[in-house]
Amino acid sequence: NTALRIVLGAFRRCKTALLHTEAYVPPLHLWLNGRIMLFHARIAKSGIQALIQGACYNIQMASCRTSNLRLRLPLTPMSTPSFERHIWAFNRLGGSFEDWEGKVRRMLHKDWANHWANHYPLLPPSTQRAEQRETRAALHRTVVGVNGPPTPRVLQLHSALQKAESTMLIHIRTGCIGLKKFLYTCRVPDIDSPMCDCRGGEKTAEHVVMLCPKETH
């Protein structure tokens, strides 16, 4: 998380979930799961996994002979952490390693969306009127929301920007910016109110750009 904040130029008070979605970088544990699935799919397709399983079988047989135990065929595979991860990856990919790169990408995005929905849910549908939900859905199809689920479209917002401009955009979109609303939330000294000087609302980036009469010129 520290590295992500440094790269994006975000404040410490900015939520980690927002940093992940703004950079379109999945949480580390989900990214590592994807790398594990890619690794086991690669060694299965290349034939290395068959060699590993054959070596494990030979070790089992040698161990039985050394301990003077009677062989009871067929022997069960050795329950090693690597073998268990291989079975886990095989099952996660639907019992097949065909088109494994595409499957891993889709699985990673699905897991990330589920992780977001479980930990950072939006307003429950029951609290929104039907027309509000439809308006929000239409807006989401054309505009990259701030508190919405992860989407690769967010990268298009930064494609033509310099580093300083991209950092400023992240500050504006996340609300973690040096304006009175954020500074008041952080309990900065001498900031005794989140209200704008125009007294028309809290001083946020949205208020300054779109609503504040002092900034209309």
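Located above this text is the structure these notes cover.
Just so it is clear, the model here is predicted, and its values are computed rather than measured. Residue numbers run consecutively from 1 along every chain, following the written order of its sequence. Per-residue local features of the predicted model are confined to residues with pLDDT of at least 70, and side-chain atom pairs are confined, for both listing and counting, to 80 or more; whole-chain, interface and lining totals are unaffected and use all residues. Hydrogen atoms and water are omitted, and side-chain values are computed over all heavy atoms in the structure.

### Focus: the overall build of the protein
Move 1: The helix and strand tally for the protein stands at 11 helices and 0 strands.
Move 2: Helix and strand assignments follow DSSP, with helices taken as H or I runs no shorter than four residues and strands as E runs no shorter than two, numbered in order from the N terminus. Listing every helix and strand of the protein by position from the N terminus yields α-α-α-α-α-α-α-α-α-α-α.
Move 3: Residues counted as buried form 30% of the 217 residues belonging to the protein.
Move 4: Of the roughly 14,800 Å² that the protein leaves accessible, carbon and sulfur atoms contribute 59%. Partly exposed describes any residue whose relative accessible area lies between the buried limit of under 20% and the exposed limit of over 50%, with all areas from a 1.4 Å probe on protein chains only and scaled to the type maximum. Note on areas: Shrake-Rupley, 1.4 Å probe, and residue coverage restricted to the protein chains presented here.

### Notes on unusual backbone geometry
Move 1: Notably, Tyr24 is not glycine yet its phi reads approximately 50°, a positive angle.
Move 2: Mapped onto the secondary structure, Tyr24 falls in the loop between helix 2 (16-23) and helix 3 (28-46).
Move 3: One non-glycine residue with positive phi stands out, namely Asp190, at about 70°.
Move 4: Note that Asp190 resides in the loop between helix 10 (180-185) and helix 11 (205-211).

### Focus on the pattern of salt bridges
Move 1: A carboxyl oxygen of Asp or Glu within 4 Å of a side-chain nitrogen of Lys or Arg is what we treat as a salt bridge. Per the stated rule, a full pass over the model turns up 4 salt bridges.
Move 2: Its salt-bridge partner being Lys180, residue Asp197 comes within 3.9 Å of it at the nearest N-O pair. Of this pair, Asp197 sits in the loop between helix 10 and helix 11 while Lys180 sits in helix 10, and the two are 17 residues apart along the sequence.
Move 3: Its relative accessible area of 48% is what places Asp197 among the partly exposed residues.
Move 4: When the shortest N-O distance is used, the salt bridge between Glu202 and Lys181 registers 3.1 Å. Residue Glu202 is located in the loop between helix 10 and helix 11, and its partner Lys181 is located in helix 10; the two are separated by 21 residues in the primary sequence.

### A look at a nonpolar patch on the surface
Move 1: Residues enter a patch when their relative accessible area is above 30% and they make no salt bridge; the linking distance is 9 Å between like charges and 5 Å between nonpolar side chains (Val, Leu, Ile, Met, Phe, Trp, Tyr). Nonpolar side chains collect at one region of the surface, where Leu28, Trp31 and Leu32 lie side by side and expose about 310 Å² of accessible area between them.
Move 2: The residue Leu28 is located in helix 3 in this model.
Move 3: A residue is classified by how much of its surface remains accessible, and Leu28, at 58% relative accessible area, is exposed.

### What to know about the environment of Asn114
Move 1: With respect to the helices and strands, Asn114 occurs in helix 6 (residues 100-119).
Move 2: Sequence spacing of Asn114 and Pro149 is 35 residues, and the spatial spacing of their C-alpha atoms is 9.1 Å.

### Some remarks on helix 2
Move 1: Extensive coverage of helix 2 is indicated by the burial of 7 of its 8 residues.
Move 2: Listing the buried residues of helix 2 in full gives Ala17, Leu18, Leu19, His20, Thr21, Glu22 and Ala23.
Move 3: Looking at the buried side of helix 2, the elements it contacts are helix 1 (2-8), helix 6, helix 8 (154-158) and helix 9 (163-174).
Move 4: Positive backbone phi, approximately 50°, marks Tyr24, located one or two places after helix 2. Any pair of residues with heavy atoms lying within 4.5 Å of one another is described as a contacting pair.

### Some details on the nonpolar core
Move 1: Grouped together as the largest cluster of nonpolar side chains are 12 residues: Leu4, Leu8, Ala10, Cys14, Ala17, Leu18, Leu19, Ala23, Trp116, Ile170, Cys176 and Phe182.
Move 2: Elements that contribute at least two residues to this core include exactly helix 1 and helix 2.
Move 3: Top contributing element to this core by residue count: helix 2, with 4 residues.
Move 4: The term nonpolar core refers to a set of buried residues drawn from Ala, Val, Leu, Ile, Met, Phe, Trp, Tyr and Cys, joined through side-chain atoms within 4.5 Å. In terms of nonpolar packing, the next biggest core, distinct from the first, is built from 8 residues, Met37, Ala41, Leu93 and Met107 among them.

### Focus: helix 5 (residues 81-92)
Move 1: Taking 1.5 Å of rise per residue, 12 residues should cover 16 Å, and helix 5 covers 16 Å from first to last C-alpha, within 8% of that figure.
Move 2: Within two residues after helix 5, Gly94 carries a phi angle of roughly 80°, on the positive side. Each residue after the first adds 1.5 Å to the expected span of a helix.

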